[in-house]
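# Topology and contacts: notes
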Amino acid sequence: MLKRRIAILSAIAVLGLIALGRVGDTLVDWLWFSSIGYVGVFWTILATRTILFLAVFVLSTGAIWLSGDLALRFARGPAAGPPRAAPSRPSSWSPYGQGPGVGPQASRALVGYVATHVPRRLLIAGAAVLLGLLAAAIELSNWAVVLRFLYQVPYGESEPAFGQDIGFYLFSLPAYVALKNWLLLVLLFSAALAGTVYWVQGDIELDPPPRRLSPAVIAHGSALLGLFFVLKAASYVLDRYLLLYSDNGVVVGAGYTDLHVRLPVLWLLIGLALACAVACWVNVRRRIWKIPAAALVLLFGSSFAFYVLVPAFFQRLYVKPSELELETPYIARNIALTRQAYNLHQIEVKPFPAEEGLSLAALEANRPTIDNIRLWDWQPLAATYAQLQEIRTYYKFLDIDIDRYRLDGAYQQVMLAARELEPSLLPPNAQTWVNLHLLFTHGNGVVMSPVTRKTSEGLPVFYLQDIPPVANVGPAVRESRIYFGQGRERYAIVKGSTPEFDYPKGKDNVYASYDGADGVAIGDPAWRSLFSWYYGDPNILLSGYVTPESRILLHRNIQDRVRTIAPVLQLDRDPYMVVSNGRLFWMQDAYTTSDWFPYAQPYTGGFNYMRNAVKAVIDAYNGTVDLYVSDPSDPLIRTYQRIFPGLFKPLASMPAELQQHIRYPEDLFLVQAQLYRAYHMDTPEVFYNREDLWQFPRQHAAPGLDNTGGRDVPRMAPYYMIMRLPGEARAELVLMLPMVPSQRENMIAWLAARCDPPEYGKAVVYQFPKDKLVFGPFQIEARIQQNTDISQQISLWNQMGSRVIRGHLLVVPIENSILYVSPLYLRAATGQLPELKRVIAAHGDRVVMEETLGAALAALFKDTVPPATRPSEAGVATDAAKGVGPQEERAREALARYDRAIERLKAGDWSGFGAELDALRPLLESLGRPAGSR
């Protein structure tokens, strides 16, 4: 009795601790959601999960218990009569599962021993409860599926196979599949419990032979098997729709064989499963084991023969010989719905002549593009930032972001990084609880530099630098403290009795106190106890630094913060910092995804539908999170708006200055570009033959800039650039990527996504003429390596103890031509400070390397002035010999203007370069006219 009580009390204690932990977690979540103003989200999720868990638990437990109780009632063992006397432990029983205790008889004896000490019905009820809890825990993850089903909106378009609205596949079908899986799980648990009871009671004899089943077992098993066949019939009904997700290597979605063979077979299997169910239920009275056995063999044998073998032979012998002809309409469906699922159908196709007539005048006309060619790759820039601007060892630049600002009257692309605090970089003896959670609580400031400019030493020109931030050119920052960022999740306690470290100032430190809006109050001992329990950290309760006004900051990692508020969204990998109205904000792109879009090609991550439906804005100081709907046409986000009223806001309500910093997200663009390689082919015949398959260009594996370890040549990644698209009036930020034909290196097209309002979200592909050869990035890289002047200079630097780092090659479309630019960095063999030393530029068949971008462009296009009007010293001398006064003066002035223009270009003075060209034009025109003409 004592041991039984100890066991019961131990079980109660364990369950109590588990329940207390769950209650504590829920209470902390409620406090946090309440503090940030999204308590409605908390209650919606909690209520859904609670109702789902209880419903599944009650129904599962009831069904499992009923099956077990019926087995106990109808078993032929002692449960049908008076209880047997409690036997002593048999000699074959072993508590350690060793020796003579091994085997079915010993197991049955052990279970029988337990059964004689605990009421059998109580054991069955306990087992049913445990299995019901397990089923409820498994199904709890489907809470979002349930909500989407209940609040679904129509998609508005139908799929061609069954005529169902696509919303049925996005919202209803996943719920039906989840319901079917749960019922099968309950049926499995019910059969397992009943089988265990029959086995314990001796109705199932497995050893020694002959093996026997009692009539009660056959009757009970037949009833459960009948239910299984009904569920199997329902599963076959759902399998009809799941044909739209099949893949035969040619068609993603239902193909010819699926709709002409498998679909009729499914109807046959539905009828067969229902017939088997009836046969099993009839057998409840007849109690012949051969009937359910024959039903199983008949159904699964028919399924294998008619659903697996017959379609395989049909596909091989009938479809394969005429595959293109028979599969063409289904390939067309796959193309159309894949393009729709990823918004590829909205990509506009435009021709790009790929001319080679680029000139200095064309560069001047596209000066905003030239001024924003990125010469700083993020890897060397990150190393430079770390050396020059981390200030102290505990500060860290976790990422380099790219954005654009209007500075000094010009639209400029910049690179910036947030200076975050990384407590793990403190000296080991300084990593105390007070330092980690009360003193070192936040980072401070951002660093900003233009993408093109450098100092005379080859270092970046800082627009924003130091702590507190000093704005040389960049936007002013009034609130520079960063409490919420990309660092590892770590709670912080603010408004304590000790001031927080703000930033170092010479030999001293500056301290501050948080006065932002975030935080959960923990001044009350009850709340301190709760969070001490939640984090397993008694210091929260015991520390004297925690005051009645203290608050605790949770979910400080911005991605964890957004995921907690909106768990139904998928997040882009690259949140980026924005400086707006003197404050720091994080922008985080979020996606709605689904893997239930019919006929759509799945992406690597498993989903086959994707929309950039939400832009999240997080205040780096206050932690406030605002979610703006950027794609109101998306049915998933419209469903989520119904589920969580008040969570999402219209994009128009975003502050105007922040709207200027939204950009096309890189993850979405990468997914679209990957799929567009094949799905730009909208003709089934061309798609089937893969006649025009594209690929991302290969690029030079720059030492220090790739992670391939020399194993493979990396593929080019998308990159942001300010440029004037062909035919457009102004320069804008675009995300672009060149494309090359599969297995070839020449460039065939380039894809661009527009980032600036009002054209935000529009994508364009510029296709080159099929009959024109345009060098691709990897071919240009080969020409650079083959250039003797460049290779000799690189070899010389390497011999002098410097490490040469080749930057990534950029493809820069200008008007109807292509310019290639690549930076080159030098770093001391033992140093960590890369310096931008050279710029390589290429156009057509020419490649040059100079100290600056302006000098490289001047050298590359110095021969582009028409020979008939180009001033030269020889021409001036000839005019002087002829005594032509006015012509001589104009020629001399033209030559001087030309020389000054080139010098301005080399110096990067585009304003001066343009002024000299403007002054040169009338002089050249007058030189081209006959003497005496006007």
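Before going into details, it helps to say that this report is about the structure given with it. The model shown is predicted, which means the values in this text are computed figures rather than measured ones.

Here we take up the pattern of salt bridges. Following the criterion strictly, the structure yields 27 salt bridges and no others. A salt bridge links Lys649 to Asp626; the nearest nitrogen and oxygen atoms lie 2.5 Å apart. Remark: Asp626 occurs in strand β21 (residues 625-629) and Lys649 occurs in strand β22 (residues 648-650); sequence separation between them is 23 residues. Overall, Lys649 belongs to the partly exposed group, its relative accessible area being 29%. By sharing partners, the salt bridges in this structure join Glu728, Glu732, Arg754, Glu759 and Lys762 into a single network.

Below, the discussion takes up the packing of helix α5 (residues 143-150) against helix α6 (residues 166-200). Across the interface, α5 lies against α6 with an axial gap of 8 Å and an inter-helix angle of 135°. Between α5 and α6, the crossing angle belongs to the class labelled oblique. Taken as a pair, α5 and α6 cross one another with a handedness that is left-handed. Two secondary-structure elements touch here, α5 through Val145, Arg148 and Phe149 and α6 through Phe171, Ser172, Pro174, Ala175 and Tyr176. Residue composition of the contact of α5 with α6, by class: 6 nonpolar, 1 polar and 1 charged.

Here the residue pair Ile467 and Pro468 is connected by a cis peptide bond, since its omega of -10° sits within 30 degrees of zero. By the secondary structure assignment, Pro468 is in the loop between β9 (464-465) and β10 (470-471). Cis geometry is adopted by the peptide bond preceding Pro758, which originates at Pro757 and carries an omega value of 5°. Tracing the chain through its elements places Pro758 in the loop between β26 (749-754) and β27 (763-767). Phi at Ile391 is positive, roughly 70°, even though this residue is not glycine. Within the element layout of this structure, Ile391 appears in the loop between α13 (378-389) and β4 (395-397). Relative accessible area serves as the criterion here: at 37%, Ile391 is assigned to the partly exposed category.

Taken together, the side chains of Phe304, Val308, Leu309, Phe313 and Leu317 define a hydrophobic patch exposed on the protein surface, amounting to about 500 Å² of accessible area. Along the chain, Leu309 turns up in helix α9 (residues 290-319). Residue Leu309 is classed as partly exposed on the basis of its relative accessible area, which comes to 33%.

What follows concerns the side chain of Asp69. If you trace the backbone, Asp69 turns up in helix α2 (residues 39-74). Excluding residues that lie within four positions of it along the chain, Asp69 makes contacts with Arg121 and Ile124.

Moving on, we come to the environment of Pro834. Checked against the element boundaries, Pro834 lands in the loop between β30 (817-828) and β31 (835-843). Separated by 375 residues in the primary sequence, Pro834 and Leu459 have C-alpha atoms spaced 7.9 Å apart. Excluding anything up to four places from it in sequence, Pro834 contacts Pro380, Ala383, Thr384, Gly458, Leu459, Tyr825, Leu826 and Arg827.

To continue, consider the packing of aromatic side chains. In the structure shown here, the tally under the stated rule is 41 aromatic pairs. With 6.4 Å between their ring centres and 70° between their planes, Tyr256 and Tyr330 make a pair best called edge-to-face. Here Tyr256, found in helix α8 (residues 256-286), pairs with Tyr330, found in helix α10 (residues 323-341); they are 74 residues apart in sequence, far enough to count as distant. Here Tyr256 falls in the buried class, since its relative accessible area comes to 15%. Among the aromatic side chains, those forming a connected cluster through ring pairs are Phe149, Phe162, Phe168, Tyr169, Tyr176 and Tyr241. Its guanidinium or amino end placed over the ring of Phe162, Arg240 lies 5.8 Å from that ring's centre, counting from NZ or CZ. Between Arg262 and the ring centre of Tyr307, over which it is positioned, the NZ or CZ distance is 5.8 Å.

Definitions and cut-offs
- Sequence order as written defines residue numbering, which begins from 1 separately in each chain.
- Restriction of local features to residues with pLDDT of at least 70 applies here, the model being predicted, together with a cutoff of 80 or more for giving and counting side-chain atom pairs; totals for whole chains, interfaces and linings are based on all residues.
- Hydrogens and water molecules were not included; the side-chain quantities draw on all heavy atoms of the structure.
- What counts as a salt bridge is simple: a side-chain nitrogen of Lys or Arg found within 4 Å of a carboxyl oxygen of Asp or Glu.
- Each helix is a run of H or I in the DSSP string that is no shorter than four residues. Each strand is a run of E no shorter than two, and both are numbered from the N terminus.
- For every residue, the accessible area (1.4 Å probe, protein chains only) is compared with the maximum for its type, and the residue is labelled buried under 20%, exposed over 50%, or partly exposed between those bounds.
- Orientation is described by lines fitted to C-alpha atoms, with helices fitted over the stretch in contact, and by angles between N-to-C directions that extend from 0 to 180 degrees.
- Here the word oblique covers every angle except those under 35 degrees (roughly parallel), over 145 (roughly antiparallel) and from 65 to 115 (roughly perpendicular).
- For any helix crossing, the convention is left-handed if the near helix is rotated counterclockwise from the far helix by under a right angle, and right-handed if that rotation is clockwise.
- By definition in these notes, contact holds between two residues if any of their heavy atoms fall within 4.5 Å.
- For this scheme, ten residues count as nonpolar: Ala, Val, Leu, Ile, Met, Phe, Trp, Tyr, Cys and Pro. Four count as charged, namely Asp, Glu, Lys and Arg, and the remainder, Gly too, count as polar.
- Here, patches come from residues exposed beyond 30% relative accessible area and free of salt bridges, joined within 9 Å for like charges and within 5 Å for nonpolar side chains (Val, Leu, Ile, Met, Phe, Trp, Tyr).
- Note on areas: Shrake-Rupley with a 1.4 Å probe; residue coverage comes only from the protein chains shown.
- Paired rings are identified among Phe, Tyr and Trp, the last through its six-membered ring, by centres lying within 6.5 Å, and are further divided according to the angle between planes into stacked (under 30 degrees), edge-to-face (over 60) and tilted (the rest).
- Only lysine NZ and arginine CZ atoms are considered, and such an atom sits over a ring when it is within 6 Å of the ring centre and within 35 degrees of the ring normal.

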